[in-house]
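Chain and residue survey
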Amino acid sequence: MKYSPEQVLERITEFAKEINLRRTIDGVIYRNDYLDYQVLMDDRFHAELREKLIDVLFTDPNHADTRREITYLLRHAFEFEEWEDVPAPSKEQDIIE
């Protein structure tokens, strides 16, 4: 994990404002098993962003393809299904709200 969930939460919140995302960013979880960050929105949506996408967002914030891909993922977030529990951190996960 190159960036802490706190850093990602701050950057994704800024990014959400830039793209006028209509959802509220509630938190970020780093998932070691998948090497991604799960972004929680409006208490019922989630999007998974690969670590590499986050890295490019930090190192080259104007990279057009990365911005388009993250925008798409945030705007097309998945709604938690009834059978899914609200994510809780495991031993290897950090959840930041």
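Residues numbered from 1 in each chain as written. Predicted model: local features only at pLDDT ≥ 70, side-chain atom pairs only at ≥ 80, totals over all residues. Heavy atoms only, no water.

Following both chains from N to C, one finds helix α1 (residues 5-18) and helix α3 (residues 64-75) inclined at 90°, their axes separated by 11 Å at the closest point. Judged by the inter-axis angle, α1 sits roughly perpendicular to α3. On the side of α1, the interface is formed by R11, I12, F15 and E18, while α3 contributes R67, I70, T71 and L74. (Axes fitted to C-alpha atoms, helices over the stretch in contact; angles between N-to-C directions. Helix = DSSP H or I, 4+ residues; strand = E, 2+ residues; numbered from the N terminus. Parallel < 35°, antiparallel > 145°, perpendicular 65-115°, else oblique. Contact = heavy atoms within 4.5 Å.)

Attention now goes to the environment of D42. Among the secondary structure elements, D42 is positioned in the loop between β2 (36-41) and β3 (45-50). When the C-alpha atoms of D42 and R23 are compared, they prove to be 6.0 Å apart, with 19 residues separating the residues in sequence. Apart from residues no more than four positions distant in its own chain, D42 is found in contact with R22, R23, T24 and D26. Here the side chain of D42 touches T24 through a polar contact of 2.9 Å, landing on its backbone nitrogen. (Polar contact = N/O pair within 3.5 Å; in protein donor to acceptor, adjacent residues only side chain to side chain.)

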